[in-house]
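These are the residues of each chain, in order.
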Amino acid sequence: MVSDVEPSAVARLLHSIGAEDRGRLLAALAGRFHDLDLAEDVLQEAMVRALETWTLRGVPKNPQAWLMTTARNRALDIIRSDAAKARHLAGLRIESELSRGDHSDHSDRLGEELSTADIGDERLSLFFTCSHPTLHERERIALILRFLAGLSTAEVAAAFLVDTTTMQQRIVRAKRRITTTGIPFGTPTPEQLHERLPGVLRVVYLIFTQGFTPTSGASHNRTDLQEEAIALTRLLVGLLPTKTEARGLLSLLLLTRARAPARTDADGAPVPLTEQDRSLWDSRLIAEGLGLALTAAGETEAGPYTVQAAIAALHAEAATYSETDWEQILVLYSILSRMEPSPVVALNRAVAIGKAKGPKAGLSALEELATDPRLSGYRPFHIARAITLSESQMPDHAEAAFREALDCPGNDAESEYIEDQIRDLLS
Amino acid sequence: MKYALLLMGHPGDAECGADEGPDPRAFMAFDQEINEAGIVVGGFALEGPETAVRVSTTTAGAMVTSGPFAESGEFVGGSYVIEVADVDEAIAWAKKSPGAALGHIEIRPIADY
């Protein structure tokens, strides 16, 4: 946000505060005034004033606290001059602060009396506000990226391949919805935490999977949503160290991320797990993911993310594809399908049956799913059938299944892979 | 903040008090609980949708028609206007209402003009 000023010591300091502490300052202000717009505006103003004041009089002892106090006082001034805001905020017990007179004259002394620890970490509250169930899913995703990952509106827009104006409107509407609907700011109760944490984790998971879809064009300019999702999950794990599922999600994301370099070849074509070069997997991410999965899987609060992390861990632990512990993976998919019944989980379970008990058992498990309309148009279902039919020495049926897969929606790289498979079958 | 909890029903639903219908005692108990909480600032209960009368005026004159209106997918059966801190509290009250199990409750913030 200060990238367009002359690089001076103050500007550099402000830039690093902007990167490191902006989320925390913003969350504290939003928590205080229950107004994201106001929080953004006054923090921005405080940064601008800091550049002037610090350049003139030197950097205060505690720059973050100076910014916080300056921003807070500016917010109080704005509220005092705005009857509608004052009425909206009447319940927040800030009347006593409002009547304390003008704060703006002694801003050079600000920050002396307040330490960073006093600012408090309201980011967990902001996570829950921004992923409130009354917001639309894509609003939640945009708000979390904007206010907790600290991306600019233009960066969020680029990540979702929409223009900045569209994303700006989406964020404005979402902020308005927070105010009009009366979505609360503030620390969630233990019950709310229990009930809504899955929703918060889901937003982060969706951000990760959005980053998963390969898109053509200037991908090197695209915000790395997988990295952002991992950073957000790390933040959540730090805020909620006892929550099993937060650590389970972090493990799942790390283990999935670790395999990314092997998932596509030099031309961007998908490489199936059977043929991936496992030496390309990121061993550092795998080590961290395995450690997290091992601990989380033994805890009583283990849920769908932890189980998926355990499955990913079993894949990661196998030195070669043939060493994969399919019996154990089948057990975990059975647990997952009870926790979270879905057609895709059922499909993965059927594939695991085939690997653990042979193609015949796998085929009959897959045929049981064939009547599910949510799978009959789903490409991976027909690919799984085709591969299992091929393993069962039924090449004609396998070819037909591959052709059904081609009729389902999917990207070009996948289509080429399927066409290659058909050619292999026929030769 | 003030919210209206709109108790919504469908024309096909069993009527309150009928054999298959909702137990009026559940509604009475909820009514007592929400009133004792001291948050109710308004509200109403309505007669059935078959008693509705529609009035619309056009350049040709006024049209008055009587219900029930088959094209209405759902109707408002009654409402509480409550004053609570935030939407989470409004949701908590809506969940307690027997109306949420029979039809559904629509929560609408009261506009502050």
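Residues numbered from 1 in each chain as written. Chains lettered and ligands numbered in written order. Predicted model: local features only at pLDDT ≥ 70, side-chain atom pairs only at ≥ 80, totals over all residues. Heavy atoms only, no water.

Engineer: Tell me about the overall build of chain A, and name the residues and values.
Structural biologist: Check the secondary structure of chain A and you find 22 helices and zero strands. Sorting the 427 residues of chain A into buried and exposed places 48% on the buried side. Carbon and sulfur atoms make up 51% of the accessible area of chain A, which amounts to about 20900 Å² in all. (Helix = DSSP H or I, 4+ residues; strand = E, 2+ residues; numbered from the N terminus. Buried < 20%, exposed > 50% of the residue type's maximum accessible area, 1.4 Å probe, protein only. Areas by Shrake-Rupley, 256 points an atom, 1.4 Å probe, with all protein chains shown as cover.)

Engineer: So what's going on with the interface of chain A and chain B? Residues and values would help.
Structural biologist: Contacts between chain A and chain B engage 12 residues on the former and nine residues on the latter. Together, the buried faces of chain A and chain B total about 710 Å²; carbon and sulfur atoms form 50% of this surface. Along the contact surface separating chain A from chain B lie two salt bridges. Inspection of the chain A/chain B interface yields six residue pairs in polar contact (both at pLDDT 80 or more). When residues of the side of chain A that touches chain B are traced back to their parent elements, those giving at least two are helix H10 (164-181) and helix H11 (190-212) of chain A. When its residues are assigned to classes, the side of chain A that touches chain B shows two nonpolar, seven polar and three charged. (Contact = heavy atoms within 4.5 Å. Buried area = accessible area lost by both parts, 1.4 Å probe. Salt bridge = Lys/Arg side-chain N within 4 Å of Asp/Glu carboxyl O. Polar contact = N/O pair within 3.5 Å; in protein donor to acceptor, adjacent residues only side chain to side chain. Nonpolar A, V, L, I, M, F, W, Y, C, P; charged D, E, K, R; others polar.)

Engineer: Can you explain the domain arrangement of chain A? Please cite residues and give values.
Structural biologist: The domain architecture assigned to chain A consists of domain 1 (9-100) and domain 2 (333-427). Each of domain 1 of chain A and domain 2 of chain A has a C-alpha centre, and the two are 56 Å apart. (Domains from an automatic or database assignment.)

Engineer: Report on the pairing of strand S1 (residues 2-9) of chain B, specifying residues and quantitative values.
Structural biologist: All names here are of chain B. Burial of S1 is extensive: seven of the eight residues sit out of reach of the surface. Taken together, the eight bridges between S1 and strand S5 (residues 75-83) define a ladder with antiparallel strand orientation. Looking at S5, one finds that Leu7 is bridged to Gly78. As paired strands, S1 and strand S6 (residues 104-109) are joined by six bridges and run antiparallel to one another. Considered in S6, the bridge of Leu5 is made with Ile107. (Pairing = 2+ DSSP bridges.)

Engineer: Explain the packing of aromatic side chains residue by residue, including any values.
Structural biologist: Evaluated as defined, the whole model comprises five aromatic pairs over all chains. Here the aromatic rings of Phe30(B) and Trp93(B) are separated by 6.3 Å at their centres, their planes lie at 65°, and the arrangement is edge-to-face. Here Phe30(B), found in helix H1 (residues 24-36), pairs with Trp93(B), found in helix H2 (residues 87-96); they are 63 residues apart in sequence, far enough to count as distant. Taken together, the ring pairs in this structure connect Phe30(B), Tyr80(B) and Trp93(B) into an aromatic cluster. In this structure, Arg32(A) packs its charged tip against the face of Phe33(A), placed 6.0 Å from the ring centre. (Phe/Tyr/Trp six-rings, centres within 6.5 Å; stacked < 30°, edge-to-face > 60°. Lys NZ or Arg CZ within 6 Å of the ring centre and 35° of its normal.)

Engineer: Any chance you could break down helix H17 (residues 343-357) of chain A for me, citing the residues and the numbers?
Structural biologist: Residues and elements named next belong to chain A. Look at H17: 21 Å from first C-alpha to last across 15 residues, which is about the 21 Å you get at 1.5 Å a residue. For H17, the full list of buried residues reads Pro343, Val345, Leu347, Ala350, Ala352, Ile353 and Gly354. Contacts from the buried residues of H17 go to helix H16 (326-339), helix H18 (359-369), helix H19 (373-376) and helix H20 (379-391). Of the residues trailing H17, Gly358 is marked for its positive phi of about 100°. (Expected span 1.5 Å × (residues − 1).)

Engineer: Go over the side chain of His382(A), please, and point to the residues and values.
Structural biologist: Residues and elements named next belong to chain A. By the element assignment, His382 lies in helix H20. Here Arg385 takes part through its side chain, which lies 3.1 Å from a polar atom of the side chain of His382. Among residues more than four places away in sequence, those in contact with His382 are Leu375, Ser376, Gly377, Ala401, Glu404, Ala405 and Cys408.

Engineer: Residues and numbers for unusual backbone geometry, please.
Structural biologist: All names here are of chain A. Despite not being glycine, Leu161 has its phi angle at roughly 55°, a positive value. Following the sequence through the fold, Leu161 ends up in the loop between helix H9 (153-159) and H10. Phi at Gln393 takes a positive value of approximately 60°, unusual for a residue other than glycine. If you trace the backbone, Gln393 turns up in the loop between H20 and helix H21 (395-407).

Engineer: Describe the pattern of salt bridges, listing the residues and the values that go with them.
Structural biologist: All names here are of chain A. In total, this model carries 25 salt bridges over all chains according to the counting rule given. For Arg257, the salt bridge identified is with Glu227, shortest N-O distance 3.0 Å. Of this pair, Arg257 sits in helix H13 (residues 244-263) while Glu227 sits in helix H12 (residues 225-239); the two residues are 30 residues apart in sequence, bridging distant segments of the chain. Residue Lys355 pairs with Glu391 through a salt bridge whose shortest N-O separation is 3.4 Å. Note that Lys355 is positioned in helix H17 and Glu391 in helix H20, a separation of 36 residues in sequence.

Engineer: So what about the nonpolar core? Which residues, and what values?
Structural biologist: Formed by 102 residues in total, the largest nonpolar core has its most connected members in Leu67(A), Leu126(A), Phe127(A), Leu145(A), Ile207(A) and Ile82(B). The greatest single-element share of this core, amounting to 10 residues, is contributed by helix H1 (residues 9-33) of chain A. Those residues in contact with Leu145(A) that sit more than four places away from it in its chain are Gly150(A), Leu151(A), Val156(A), Phe160(A), Ile207(A), Leu225(A), Glu228(A) and Leu232(A). Leu314(A), Ala350(A), Ala352(A) and Leu369(A) belong to the second-largest nonpolar core, a separate cluster that totals 22 residues. (Core = buried A, V, L, I, M, F, W, Y, C linked by side-chain atoms within 4.5 Å.)

Engineer: So, the confidence of the model for chain B: which residues are in play, and what are the values?
Structural biologist: Mean pLDDT for chain B: 88, with 89% of residues reaching 70 or above. Among the prediction metrics, the complex's ipTM stands at 0.84, with pTM recorded as 0.83. (pLDDT = per-residue confidence, 0-100.)

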